[in-house]
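Letter by letter, the chains look like this.
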Amino acid sequence: MSLELISPFVIVIAAAIIVTFERLFPYEEQQKFLREGFWNDLIMYSIVQSYLLGLLINWLIQWIDASTMLSRMHLISHWPVWLQVLLFLVTHDLYIYWFHRIQHRSIRLWRIHEAHHSTKDVDWLSGSRSHSLEILINQTIEFAPIVLLGAAPEVALYKGMISAIWGMWIHSNIDVHTGKLQYVINGPEMHRWHHSDVVADGSYNFATKLAIWDWIFGTGFLPERKKPAGYGLREIEFPKNYIRQHLFAFRPLKGDVYSGE
Ligand SMILES: [Zn+2]
Ligand SMILES: [Zn+2]
């Protein structure tokens with residue numbers, strides 16, 4: 001069986017395991033499985049948007065490659081696959097740390113990140129809610145170097161699979177205690193703080209996979225308090241419908257930056 005067919009199964013199995021642990025060891029006990037926005041996040045963001053953007057991003061990268069012929073130089077093709085995967089995991093993670101941090105500082109970029117912070121319940125599925133423009137930027141930057149540097153074809157699949165599972169993990173409603181590991185690897189303990197509805201708490205923990213970026217660049221936050229008072233956006237009534245959620249990003253600017261530093 002090819003990895004192309006196996007990877008969706010692995011993602012579904014990982015989701016089932018995470019959901020089971022959420023039920024057994026919940027961080028927020030009152031959070032429901034079928035919470036507000038569940039079907040919208042599952043069908044519109046995780047399935048429809050992911051699929052359509054995947055086609056568009058693939059087309060865009062193939063177009064860049066056809067124009068530049070970069071992949072024919074096979075710059076890293078001779079590297080072992082594990083090393084190629086590691087290279088893209090670390091470099092893209094560093095990029096996403098800074099892009100994410102800037103999104104919290106720039107009103108225009110915040111507007112396409114706001115959707116991600118709009119869920120009032122943070123769980124395995126809520127990470128999928130991201131504006132299509134944010135995904136278009138981040139996933140083009142994620143996958144273009146993989147193709148253009150001539151990585152093995154399975155590298156993009158491994159990378160996509162790891163990103164999907166890690167996204168579910170850091171947003172999961174699982175009451176884990178990973179201790180000193182939090183200085184290296186990101187997880188729910190740190191990322192749930194990032195989704196706090198209190199501006200001061202949410203302006204920390206920008207990392208996705210490696211928490212080291214937050215600790216190196218001074219944005220790591222692990223207070224004594226176990227959890228934020230609430231999640232989501234304060235003072236904004238975020239639309240519930242997928243199309244309206246997208247159009248909401250283009251409402252007139254009023255200087256409502258979510259978090260400053
Ligand atoms: Zn954020
Ligand atoms: Zn998040």
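Residues numbered from 1 in each chain as written. Chains lettered and ligands numbered in written order. Predicted model: local features only at pLDDT ≥ 70, side-chain atom pairs only at ≥ 80, totals over all residues. Heavy atoms only, no water.

Q: Help me understand the pattern of salt bridges in this model?
A: It is possible for side chains of opposite charge to pair when their charged atoms get near one another. Inspection of the entire model under this criterion finds 10 salt bridges. With its nearest N and O atoms 3.3 Å apart, the salt bridge here joins lysine 227 to glutamate 28. Of this pair, lysine 227 sits in the loop between helix 9 (212–216) and helix 10 (242–247) while glutamate 28 sits in the loop between helix 1 (3–24) and helix 2 (38–68), placing them 199 residues apart in sequence. Arginine 234 is paired through a salt bridge with aspartate 197; the nearest N and O atoms lie 3.4 Å apart. Of this pair, arginine 234 sits in the loop between helix 9 and helix 10 while aspartate 197 sits in the loop between helix 7 (188–194) and helix 8 (199–202), and the two are 37 residues apart along the sequence. With a relative accessible area of 13%, aspartate 197 lands in the buried category. One connected set of salt bridges, linked through shared partners, spans Arg35, Asp41, Asp123 and Arg129. (Salt bridge = Lys/Arg side-chain N within 4 Å of Asp/Glu carboxyl O. Helix = DSSP H or I, 4+ residues; strand = E, 2+ residues; numbered from the N terminus. Buried < 20%, exposed > 50% of the residue type's maximum accessible area, 1.4 Å probe, protein only.)

Q: Would you mind showing me how to read the coordination of the zinc ion (ligand 2) here?
A: Around a metal, the idealised angle for a tetrahedral arrangement of four donor atoms is 109.5 degrees; for an octahedral arrangement of six donor atoms it is 90 or 180 degrees. Around the zinc ion (ligand 2), the donor atoms from the protein are His116 (NE2), His171 (NE2), His191 (NE2) and His195 (NE2), and they sit 2.1 Å away. As a motif over one chain, the donors of the zinc ion (ligand 2) read H-x54-H-x19-H-x3-H. In this structure, the zinc ion (ligand 2) lies 6.0 Å from the zinc ion (ligand 1). A residue pair is termed long-range when its members are at least 10 positions apart, and histidine 116 in the loop between helix 4 (107–111) and helix 5 (132–148) and histidine 195 in the loop between helix 7 and helix 8 qualify at 79 residues. The burial state of histidine 116 is the same as that of histidine 195; both residues are buried. (Donors = N, O, S within 2.8 Å, 3.2 Å for Na, K, Ca; no water.)

Q: Sorry, what's going on with unusual backbone geometry here?
A: Trans is the common state for peptide bonds, and a negative phi is the common state for residues other than glycine. A positive phi angle, near 60°, is found at methionine 69, a position not held by glycine. One can find methionine 69 in the loop between helix 2 and helix 3 (81–103). Note on methionine 69: relative accessible area 41%, which makes it partly exposed. Positioned with a positive phi, asparagine 205 is a non-glycine residue whose angle comes to about 55°.

Q: Please clarify how a nonpolar patch on the surface should be interpreted in this entry.
A: On the surface, Phe33, Leu34, Trp39, Ile43, Ile47, Val48, Tyr51, Leu52 and Leu55 cluster together into a nonpolar patch covering about 900 Å² of accessible area. Summarising the element assignment, tyrosine 51 is placed in helix 2. Looking at tyrosine 51, the relative accessible area reads 55%, which means it is exposed. (Patch = residues over 30% accessible without salt bridge, like charges linked within 9 Å, V, L, I, M, F, W, Y side chains within 5 Å. Areas by Shrake-Rupley, 256 points an atom, 1.4 Å probe, with all protein chains shown as cover.)

Q: Got a minute to help me understand the packing of aromatic side chains in this structure?
A: The way to describe two aromatic rings as a pair is by their centre distance and the angle between their planes. Throughout the structure, instances matching the rule amount to 15 aromatic pairs. Aromatic pair phenylalanine 38 and tryptophan 39: ring centres 4.9 Å apart, planes at 85°, arrangement edge-to-face. Take phenylalanine 38: its relative accessible area is 4%, and that puts it in the buried class. Using a relative accessible area of 53% as the deciding quantity, one classes tryptophan 39 as exposed. Taken together, the ring pairs connect Phe33, Phe38, Trp39 and Trp124 into an aromatic cluster. Here the guanidinium or amino end of arginine 251 rests over the ring plane of phenylalanine 248, the centre of that ring lying 3.8 Å away. (Phe/Tyr/Trp six-rings, centres within 6.5 Å; stacked < 30°, edge-to-face > 60°. Lys NZ or Arg CZ within 6 Å of the ring centre and 35° of its normal.)

Q: Would you take a moment to explain the coordination of the zinc ion (ligand 1) for this structure?
A: Coordination of the zinc ion (ligand 1) by the protein comes from His100 (NE2), His104 (NE2), His113 (NE2), His117 (NE2) and His194 (NE2), over a distance range of 2.1 to 2.2 Å. The sequence pattern formed by the donor residues of the zinc ion (ligand 1) is H-x3-H-x8-H-x3-H-x76-H.

Q: How should the nonpolar core be read in this particular structure?
A: Most often, soluble globular proteins have nonpolar side chains that are buried together. Grouped together as the largest cluster of nonpolar side chains are 15 residues, with contacts concentrated most on Ile61, Phe88, Ile146, Ala151 and Val155. It is helix 5 that provides the largest number of residues to this core, a total of five residues. When sequence neighbours within four positions are dropped, the list of residues in contact with valine 155 reads Val81, Gln84, Val85, Phe88 and Ile146. Residues Ala14, Phe38, Trp124 and Val176 belong to the second largest nonpolar core, which totals 10 residues. (Core = buried A, V, L, I, M, F, W, Y, C linked by side-chain atoms within 4.5 Å. Contact = heavy atoms within 4.5 Å.)

Q: Please explain helix 6 (residues 153–171) as it appears in this structure.
A: Because the α-helix completes a turn every 3.6 residues, residues three or four places apart line up on one side. In a regular helix each residue adds 1.5 Å, so 19 residues correspond to 27 Å; helix 6 covers 29 Å between its end C-alpha atoms and thus fits that length. Burial in helix 6 covers these residues: Val155, Lys159, Met161, Met168, Ile170 and His171. Packed against the buried residues of helix 6 are helix 1, helix 3, helix 5 and helix 7. (Expected span 1.5 Å × (residues − 1).)

On their own, these measurements won't tell you what the molecule is for.
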